[in-house]
Amino acid sequence: MMITKSISASMMSLGLALVLTACGGEATQEAPQDTQATADTDCAPGVAVTNGWLALGAVEGNPAAVYFDLENTGATSRMIRSASVMGFGSAQLHQMGEWNLQPSMDELMQLDVPAGETVKFEPGSLHVMAMEPQEPLEVGSETETTLTFVGGDKCSFPVEVRAAGDEPMNHAEGEHDGMDHAE
Ligand SMILES: [Cu+2]
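In the annotation of an unreviewed UniProt entry, the protein chain is listed under the name Copper chaperone PCu(A)C and assigned to Aurantiacibacter rhizosphaerae.

Q: Sorry if this is basic, but what is going on with the overall build of the protein chain here?
A: The helix and strand tally for the protein chain stands at 1 helix and 11 strands. When the helices and strands of the protein chain are read in sequence order from the N terminus, they spell out α-β-β-β-β-β-β-β-β-β-β-β. When the 183 residues of the protein chain are sorted by exposure, 28% land in the buried category. Excluding contacts between residues fewer than 6 apart, the proportion of contacts in the protein chain whose partners are at least 24 apart in sequence is 73%.

Q: What's the story with unusual backbone geometry in this structure? I'm lost.
A: For residues that are not glycine, phi is negative in most cases, and the peptide bond is trans in most cases. Positive phi, normally seen in glycine, also occurs at Leu101, with a value near 65°. Its place among the elements puts Leu101 in the loop between strand S5 (88-99) and strand S6 (102-108). When the 5 C-beta atoms within 10 Å are taken as the criterion, Leu101 is described as exposed. Positive phi is not limited to glycine here, since Glu132 has a value of about 55°.

Q: Whenever I open this one, the pairing of strand S2 (residues 47-55) confuses me. Can you help?
A: If a strand is regular, its side chains alternate between the two faces of the sheet. Looking at chain direction, S2 and strand S3 (residues 64-72) are connected through 7 bridges and run antiparallel. By the bridge assignment for S3, Trp53 is matched with Tyr67. Two elements, S2 and strand S11 (residues 154-162), share 3 bridges in a ladder whose sense is parallel. Looking at the pairing, Leu54 lines up with Val161 of S11.

Q: Just to check I follow, could you spell out the confidence of the model for the protein chain for this structure?
A: Predicted coordinates in areas of low pLDDT are best not read in detail. With 69% of its residues at a pLDDT of 70 or more, the protein chain shows a mean pLDDT of 79. For residues 1-37, every residue scores under 50 in pLDDT, and the model assigns this stretch 24 contacts once sequence neighbours within four places are set aside.

Q: Sorry if this is basic, but what is going on with the nonpolar core here?
A: Most often, soluble globular proteins keep nonpolar side chains buried together rather than apart. With 32 residues, the main nonpolar core has Val49, Leu54, Val66, Phe68, Val128 and Ala130 as its most contacted residues. Those elements that provide at least two residues to this core are S2, S3, strand S4 (78-85), S5, strand S9 (126-133), strand S10 (142-149) and S11. Residue contributions to this core peak at 6 residues, all from S3. Look past the residues within four positions of Val49 in its chain and what remains in contact with it is Thr41, Cys43, Phe68, Asp69, Leu70, Cys155 and Phe157.

Q: Explain the environment of Gln92 to me, please; I cannot follow it from the model alone.
A: By secondary structure assignment, the location of Gln92 is in strand S5. Each C-alpha atom of the pair Gln92 and Glu107 lies 6.6 Å from the other, and the pair is 15 residues apart in sequence. What Gln92 contacts, discounting residues up to four positions off in sequence, is Glu107 and Met129.

Q: What is the right way to read the pairing of S4 from this model?
A: Pairing between S4 and strand S7 (residues 111-113): 3 bridges, direction antiparallel. Bridge assignment links Ile80 to a residue of S7, and that residue is Leu111. Summarising the sheet, S4 and S10 pair through 5 bridges and their orientation is antiparallel. Counterpart to Ile80 in the pairing with S10 is Phe149.

Conventions and cut-offs
Residues numbered from 1 in each chain as written. Predicted model: local features only at pLDDT ≥ 70, side-chain atom pairs only at ≥ 80, totals over all residues. Helix = DSSP H or I, 4+ residues; strand = E, 2+ residues; numbered from the N terminus. Buried ≥ 20, exposed ≤ 12 C-beta atoms within 10 Å, placed from the backbone. Contact = placed C-beta atoms within 7 Å. Pairing = 2+ DSSP bridges. pLDDT = per-residue confidence, 0-100. Core = buried A, V, L, I, M, F, W, Y, C linked by C-beta atoms within 7 Å.

Following this line, the structure appears as structure tokens:
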């Protein structure tokens, strides 16, 4: 039992080192100038997010969808519990699926990311639905998404804002399984 724990702890340390290395690649040595609201990736040890982007709703004021790849480089599984997106009043974890041959969207209460695995949030599948946009986002700009894991660890990362047309699935017309996103 003790041996297992100490191995696990050292693997966690390894994961931490890998993440720090990965994050360090983007950072410059100079002191950051606080000229824009964009953020660097800032994730708990053992979690790495890449390829973050946001698809605006087809109509201004509609929900947007956030996509990214999340890698669990740690030794234990991670459970995503909630998400928030800067510039939006609320956000949910969603999974696209099919029900009666129609596309449907289900809210996930939490999402397990097993140790060593990468979960892809991508169009037609998993996404973070960003609701209640507070102000129009410009295509090509960036905003920040934050995931919170069970236990309280967080992962914040930038997402590039893309136009609605870049996304295959139109959320404004898709079935939302009875949920009211427009509220
Ligand atoms: Cu959705």
